[in-house]
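Secondary and tertiary structure notes
For reference, the chains in residue letters:
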Amino acid sequence: MTWFHHALVTGGAGFIGSHLTDRLVENCEVTVYDDFSNGDADHVPEEASVIQADVRKRKPLADAVAEADVVFHEAAQVSVQQSVSNPKSSQEVNVDPMLTILESARDTDTRVILASSAALYGHPIYLPIDEEHPKEPTSPYGLEKLTADHYCRLYHDLYEVETVALRYFNAYGPRQQGGDYSGVISIFRDQALANDDITVEGDGEQTRDFVHVDDIVQANLLAATSDDAVGKAFNIGTGDSITIRELADTIKNVTDSESDIVHVDSREGDIDRSEASIDKAREVLGFQPEYTVFEGLRDYLGQGRP
Ligand code: UD2
């Protein structure tokens, strides 16, 4: 395993990027590239250098990539809803900077690790979802991630850029809440801690594969250091799933909450079932998730409010 000297983390003040930066500064020089539109400067460790800039600015981004041995591209417009309301501006954040990074990496031998997403698969036609599963994204966000993910493969195949795409399933953990977008776990947590109603959308029988942010960090480090990973895409989840109703019950119990669990309208176009096959990540990267969702929830909810 070859370690690297200088890592660039786009979105390094954000939820996943800041956890990754925390881990990276223990071992190498780290530059965080963030415009703080959604990230929090307090989550960036002081050992990291910071470039405060927008990923749509080509020159500072290309220059920052050229300085690094590896780029973890976590910066994104993460709201599926916003991508539906405004596909063009979402595309400008989620696709075009990917090309800036890949073009710069083409000249400099920088390895590129993309935060891709399970959103690129759309509605599953079989479970668990492996990397060969048909890709029919149901939102501009999913299509943008599919495009960025596929560009990674093309830049490897055409120009020998060392790229890896990590398709995150439902990520959760400390620092997730904030901005106008939250995953269901942070929403249920806030509702449970405030003894407000926990709002299950639909019948709650829909399933998700929830993956703890520490396991996502682990996957990124493996992708950055494994020679076998390049040119490939990997699902990053736990390989297991639970229903949203079960999630609501667990969060209520773990937080000892007096909340009622109520059912509200389901979301239009909601994915009914989701569960990752992580065989490829296990075999090629040696990825081994440390948290089941129940262990991860105990860890996350045990902390109280940050
Ligand atoms: C996740 C990702 C999204 C994209 C997508 C791909 C997150 C936060 N979002 O969207 O970026 O990759 O997967 O499919 O990881 N729910 C409730 N009550 C609430 C909020 C949500 O019941 O108050 C339900 C919601 O209807 C859905 C499930 O919880 O069935 C998960 O919702 P989500 O927004 O956390 O994540 P998801 O899977 O829609």
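Being a predicted model, the structure only gives us computed values, none of them experimental. Per chain, residues are indexed from 1 in the order of the written sequence. Under the rules for a predicted model, residues below a pLDDT of 70 receive no local features and side-chain atom pairs below 80 are neither given nor counted, while totals for whole chains, interfaces and linings still include all residues. As a rule here, side-chain values come from all non-hydrogen atoms in the structure, and water together with hydrogens is ignored.

Considerations on the domain arrangement of the chain
Rules: Marked domain ranges trace back to an automatic or database domain assignment. Residue contacts are defined here by distance: any two heavy atoms, one from each residue, within 4.5 Å place the two residues in contact. Buried surface area refers to the total accessible area, computed with a probe of radius 1.4 Å, that the two partners give up upon joining, counted for both partners together. By definition, a salt bridge exists where a carboxyl oxygen of Asp or Glu is found within 4 Å of a side-chain nitrogen of Lys or Arg. Under the grouping applied here, Gly and all other residues not named as nonpolar or charged are polar, the nonpolar ones being Ala, Val, Leu, Ile, Met, Phe, Trp, Tyr, Cys and Pro and the charged ones Asp, Glu, Lys and Arg.
What the domain assignment lists for the chain is domain 1 (6-172 + 211-239 + 277-290) and domain 2 (181-207 + 241-273 + 297-302). A C-alpha centroid distance of 27 Å is found between domain 1 and domain 2. At the junction of the two partners, domain 1 supplies 9 residues and domain 2 supplies 9 residues. Overall, the association of domain 1 and domain 2 removes approximately 780 Å² of surface from exposure, summing both partners, and the carbon and sulfur fraction of that is 67%. Sorting the residues of domain 1 by area buried against domain 2 places Val78, His123 and Tyr172 first, and these three jointly supply 48% of that buried surface. For the pair domain 1 and domain 2, the interface holds 0 salt bridges. Its residues placed into classes, the side of domain 1 that touches domain 2 shows 5 nonpolar, 4 polar and no charged.

A word on the packing of helix 7 (residues 184-193) against helix 11 (residues 293-301)
The condition is simple: Axes here refer to lines fitted to C-alpha atoms; in helices the fit is confined to the stretch in contact. Angles between the N-to-C directions go from 0 to 180 degrees. Helix and strand assignments come from DSSP, with helices taken as H or I runs of at least 4 residues and strands as E runs of at least 2, each series counted from the N terminus. Any angle between 65 and 115 degrees counts as roughly perpendicular, while under 35 counts as roughly parallel, over 145 as roughly antiparallel, and the rest as oblique. Crossing handedness is read from the near helix: turned anticlockwise from the far helix by less than a right angle, it gives a left-handed crossing, and turned clockwise, a right-handed one.
Where helix 7 meets helix 11, the closest approach of the two axes is 12 Å, and the angle between their N-to-C directions is 50°. As summarised for this structure, helix 7 and helix 11 are arranged oblique, according to the angle between their axes. Considering only the axes of helix 7 and helix 11, their crossing is right-handed. Where helix 7 abuts helix 11, its residues Ile185, Ser186 and Arg189 lie against Leu297, Tyr300 and Leu301. When the residues that make up the contact of helix 7 with helix 11 are grouped by side-chain class, the tally is 4 nonpolar, 1 polar and 1 charged.

Structural notes on helix 6 (residues 140-159)
The following threshold applies: To estimate the expected span of a helix, subtract one from its residue number and multiply by 1.5 Å. Three labels apply to residues, based on accessible area from a 1.4 Å probe with only protein chains included: buried if under 20% of the type maximum, exposed if over 50%, partly exposed otherwise in between.
Taking 1.5 Å per residue as the helical rise, helix 6 with its 20 residues ought to reach 28 Å, and the 27 Å between its terminal C-alpha atoms agrees with that figure. The set of residues buried in helix 6 consists of Tyr141, Gly142, Glu144, Lys145, Leu146, Ala148, Asp149, Cys152 and Tyr155. For helix 6, the elements touching its buried residues are helix 3 (80-85), helix 4 (87-94), helix 5 (96-108), strand 5 (111-117), strand 6 (163-168) and strand 11 (232-236).

Some remarks on the nonpolar core
How we decide: Joining through side-chain atoms within 4.5 Å is the link that ties buried Ala, Val, Leu, Ile, Met, Phe, Trp, Tyr and Cys residues into a set, and such a set is a nonpolar core.
Among the nonpolar cores identified, the biggest contains 45 residues, and Leu24, Phe72, Leu166 and Ile236 are the most heavily contacted of them. The element best represented in this core is helix 8 (residues 213-225), accounting for 8 residues. Contact partners of Leu166, with chain neighbours within four places excluded, come to Ile113, Leu114, Ala115, Ser116, Ser117, Ala219, Asn220, Ala223, Phe234, Ile236 and Leu285.

Section: the packing of aromatic side chains
Centre-to-centre distance and the angle between the planes together describe a pair of aromatic rings. Note the threshold: Only rings of Phe, Tyr and Trp enter the pairing, Trp through its six-membered ring, and a pair is recorded when the two centres are within 6.5 Å. The plane angle decides the type: under 30 degrees is stacked, over 60 is edge-to-face, the rest tilted. Ring-over charges, as used throughout, are those where CZ of Arg or NZ of Lys falls within 6 Å of the ring centre and within 35 degrees of the ring normal.
Applying the stated criterion across every chain yields a total of 6 aromatic pairs. Ring geometry for Tyr151 against Tyr155: centres 6.4 Å apart, planes inclined by 65°, an arrangement best described as edge-to-face. Of the two residues, Tyr151 and Tyr155 are both situated in helix 6; the distance of 4 residues between them amounts to about one turn of the helix. Classification of Tyr155 as buried rests on a relative accessible area of 7%. Judged by centre distance (6.4 Å) and plane angle (55°), the rings of Tyr172 and Tyr300 are tilted. Linking Tyr172 in strand 7 (residues 170-172) with Tyr300 in helix 11, this pair joins segments that are 128 residues apart in sequence. Judged by its relative accessible area of 1%, Tyr172 falls in the buried class. Among the aromatic residues, those joined into a cluster by ring pairs are Tyr151, Tyr155 and Tyr159. The residue whose ring lies beneath Arg106 is Tyr159, and the NZ or CZ to ring-centre distance is 3.7 Å. Across from the ring centre of Phe234, 5.3 Å away, lies the NZ or CZ of Lys280, which sits over that ring.

Some points on helix 5
For helix 5, built from 13 residues, the straight-helix expectation of 18 Å at 1.5 Å per residue is met to within 8% by its first-to-last C-alpha distance of 19 Å. Every buried residue belonging to helix 5 is among Pro97, Met98, Thr100, Ile101, Leu102, Ser104 and Ala105, and all of these are buried.

Some details on the side chain of Thr110
The test is simple: In protein, a polar contact means a hydrogen-donor-capable atom and an acceptor-capable atom, both N or O and within 3.5 Å, with residues adjacent in sequence counting only if both atoms are side-chain atoms; elsewhere, any N or O pair within 3.5 Å suffices.
Mapped onto the elements, Thr110 comes out in the loop between helix 5 and strand 5. Overall, the relative accessible area of 1% leaves Thr110 in the buried class. A distance of 3.2 Å separates the side chain of Thr110 from the backbone oxygen of Val65, its partner in a polar contact. Here Ala68 takes part through its backbone oxygen, which lies 3.0 Å from a polar atom of the side chain of Thr110. Once residues within four sequence positions are removed from consideration, Thr110 is found in contact with Val65, Ala68, Asp69, Val70, Val71, Ala105, Val161 and Glu162.

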